[in-house]
Amino acid sequence: MIIDDPAVKAEVEAAFRAYETALTTNDVPTLEALFRDDPLTVRYGIGENLYGMDAIRAFRRARSPVGLERTLAQTQITTYGRDFATAMTLFTRASAPGKLGRQSQTWARFPEGWRVVAAHVSLIDAA
């Protein structure tokens, strides 16, 4: 298995950037498109446990668009073979002073492109 093939990594990095832009601009259609539309897709959030794309879609559509801007740090994207990748990043938000966010995503390649199949977001006290 090839880890971090440059071409595959570039594809996942582009998908991750598209997700980040959609997240901070509250582009809900793009956010929904980047998650696998499947009952097996899971997203654990700050205050919610979402099982299946229907639950994720409902959360995204009801979420306030205020205060979504954030600054990323220590983003690490790793690809495993041609069809599987993880993306990990830390983030801070002006709307959450003193907190450090952590985000992990599991990406898989499908015929329609790269999609998040599992994600986890959490906040801890900043050091």
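Values in this document were obtained by computation on a predicted structure and should not be read as measured data.

Novice: Just checking my understanding: could you explain the sheet that holds strand β6 (residues 113-125) for this structure?
Specialist: Strand pairing in a sheet is mediated by backbone hydrogen bonds. Such pairs are either parallel or antiparallel. The six strands are arranged β2-β1-β6-β5-β4-β3 in an open sheet whose pairing can be described as mixed. The open sheet terminates on both sides in strands that have one partner only, identified here as β2 (49-51) and β3 (71-80). Neighbour-to-neighbour, the strand axes of this sheet turn through a mean angle of 10°, independent of strand direction. As defined by bridge partners, strand β4 (residues 84-92) adjoins strand β5 (residues 99-110) across eight bridges and the pair is classed as antiparallel. By the bridge assignment, T89 is partnered in β5 with Q103.

Novice: Just to check I follow, could you spell out the pattern of salt bridges for this structure?
Specialist: Here the idea is simple: oppositely charged side chains can pair when their charged atoms come close. Scanning all chains against the criterion turns up eleven salt bridges. Here R109 ties to E11 by a salt bridge, and the two come within 2.9 Å at their closest N and O atoms. A residue pair is termed long-range when its members are at least 10 positions apart, and R109 in strand β5 and E11 in helix α1 (residues 6-24) qualify at 98 residues. Judged by relative accessible area, E11 falls into the partly exposed class, the value being 31%. In this structure, the salt-bridge partner of E112 is R36, at a minimum N-O distance of 2.7 Å. Of the two residues, E112 is situated in the loop between β5 and β6 and R36 in the loop between α2 (28-34) and β1 (42-44); the sequence distance between them amounts to 76 residues.

Novice: What's the story with helix α3 (residues 53-62) in this structure? I'm lost.
Specialist: Residues spaced three or four apart along an α-helix face the same direction, because each turn holds 3.6 residues. Taken together, the buried positions of α3 are occupied by M53, I56, R57, F59 and R60. The arc that holds the buried residues of α3, viewed along the axis, is 165°, so those residues lie on one side. Opposite the buried face of α3, at more than 90 degrees from it, the exposed residues are D54, R61 and A62. Buried residues along α3 sit in contact with α1, α2, β1 and β2.

Novice: Quick question: what am I supposed to make of the side chain of R60 here?
Specialist: Assignment of secondary structure puts R60 in helix α3. No salt bridge is formed by the buried R60; the nearest opposite charge belongs to E48, separated by 7.2 Å. When near neighbours in sequence (up to four residues on either side) are disregarded, R60 contacts Y19, L23, V28, L31, F35 and R43.

Novice: Would you mind showing me how to read the nonpolar core here?
Specialist: Across soluble globular proteins, you tend to see nonpolar side chains buried next to one another. In this structure, V12, Y19, F35, W107 and W114 are the most contacted members of the largest nonpolar core, which totals 21 residues. Elements with a minimum of two residues in this core: α1, α2, α3, β4 and β6. The element best represented in this core is α1, accounting for seven residues.

Reading the values: rules and limits
Residues numbered from 1 in each chain as written. Predicted model: local features only at pLDDT ≥ 70, side-chain atom pairs only at ≥ 80, totals over all residues. Heavy atoms only, no water. Pairing = 2+ DSSP bridges. Helix = DSSP H or I, 4+ residues; strand = E, 2+ residues; numbered from the N terminus. Axes fitted to C-alpha atoms, helices over the stretch in contact; angles between N-to-C directions. Salt bridge = Lys/Arg side-chain N within 4 Å of Asp/Glu carboxyl O. Buried < 20%, exposed > 50% of the residue type's maximum accessible area, 1.4 Å probe, protein only. Arc of directions from axis to C-beta. Contact = heavy atoms within 4.5 Å. Lys, Arg positive; Asp, Glu negative; His and termini not counted. Core = buried A, V, L, I, M, F, W, Y, C linked by side-chain atoms within 4.5 Å.

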